[in-house]
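Spelled out, the chains give:
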Amino acid sequence: AATSSTALSGLNTKFTAKGKLFWASFSANEAILESEFGAVTPENSMKWDATESTQGTFTFSGSDYLVDWAISNSKIIRGHTLVWHSQLPSWVSAITDAATLTSVIQTHIANVAGQYSGKLYVCRPLPLRPCILTIYSEVLNDNGTLRSSVFYDVLGESFITIAFKAARAADSTAKLYINDYNLDSNNTKVQAMVALVKRINADEQLIDGIGTQMHLSAGGSSGAAAALAALAEAGIDVAITELDIAGASASDYTTVVDACLSTSACVSITSWGVSDANSWRASSTPLLFDSDYEPKAAYTAVISDL
Ligand code: XIL
């Protein structure tokens, strides 16, 4: 496993002392994950195309590897993402009938969340949070309307309730999250997300947390504190779920960390990857570790901020 030759300072240990958790999406950098991060999110291995590319045939090889690694290293696990319009097999996108699509969503969630329900026992004794599942990713357009997808087009807004109820049935103790991008300032989409969560949760709390991905550009972190404060108005946990900052200066990172520290509803930050070597935005060097797995100035600045 790739490792740093520089002594590291225990990023998550410091963040945990402030009552929050530092995660990373799971990657090849297992040694750094082990020492610096308290929790892992599968980058791709739990998505629909990885777990049910053929209807009714479930494949868990990638996600089982991650879950086994996390359990043996005492890391909390986020299941990500059960339903999303992207990385979605074409057999799902082709469904036009509401009853069929409802049952397909329910079967998918029952199997994927069910595969790890109970196996994620390692999450529960750990200090902060139980296991977390991202149920639905990217339901909104930037103008606040619901995004067109097979789910919305066939089922209307009810697809969200269907998915969250199925997840609750499959794993009664996991925290269930809705997750979206461009929730980076107190903008129209943030307001629409808060309204959506309040609407869905009106009768019964189905959604336990809002994930703001925060795939940012240099300078783009200035709205983070306002975004988190506005999202907290929904009355549930808020997490930064996929942080990376293209061309980031160290202060871009500390601005985001400070925003989470100053918002009590903000429970965690997840770095979307560990090293620039295998970031999905590698050319923009957006992470805390460089492509030689050495900590960058942003890492040092975050550590001294904590
Ligand atoms: C990305 C992965 O990092 C890439 O490897 C993959 O090719 C595409 O998906 N929003 C999400 C994440 O919820 O799962 C996405 O991850 C980035 C956008």
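Residue numbering note: each chain is counted from 1, following its sequence as written. Given that this is a predicted model, residues contribute local features only at a pLDDT of at least 70 and side-chain atom pairs are listed and counted only at 80 or more, while totals for whole chains, interfaces and linings are drawn from all residues.

A. Seen up close, the nonpolar core. Nonpolar core, as used here: buried Ala, Val, Leu, Ile, Met, Phe, Trp, Tyr and Cys residues forming one set through C-beta atoms within 7 Å. Each residue is classified by how many other C-beta atoms fall within 10 Å of its C-beta atom, where C-beta atoms are placed from the backbone; a count of 20 or more means buried, 12 or fewer means exposed, and values in between mean partly exposed. Of all hydrophobic cores here, the largest spans 91 residues; its most connected members are V40, I135, A163, A167, M193, V197 and L231. If we skip the residues at most four places from it in the chain, V197 touches I178, I207, I210, A234 and I236. Note on contacts: each residue gets a C-beta atom placed from the backbone, and two residues are in contact if those atoms are within 7 Å.

B. Inspection of the UniProt feature "active site" (unreviewed entry) in the protein at higher detail. UniProt's feature table lists "active site" (unreviewed entry) at E242, given in the numbering used throughout. Per the convention used, a helix needs a DSSP run of H or I reaching at least four residues, while a strand needs a run of E reaching at least two, with both numbered from the N terminus. Its place among the elements puts E242 in strand β9 (residues 237-246). With 26 C-beta atoms packed within 10 Å, E242 lands in the buried category. UniProt positions are given in the numbering used here, feature names are shortened, and annotations may be inferred rather than shown by experiment.

C. Fine view of the pairing of strand β10 (residues 266-271). Of all 6 residues in β10, 5 are buried, a share of seventy percent or more. As paired elements, strand β1 (residues 21-25) and β10 share 4 bridges and run parallel to each other. Within the sheet, the bridge partner assigned to L21 lies in β10 and is S268. At least two bridges found by DSSP between two strands is the condition for calling them paired. Bridge count between β9 and β10: 4 bridges; the pairing is parallel. Within β10, the residue paired with V238 across the bridge is C266. The crossover handedness rule: strands pointing away from the viewer, path from first strand over the helix to second strand clockwise, crossover right-handed. You can see the chain leave β9, run along helix α11 (residues 250-261) and come back into β10, and the turn it takes is right-handed.

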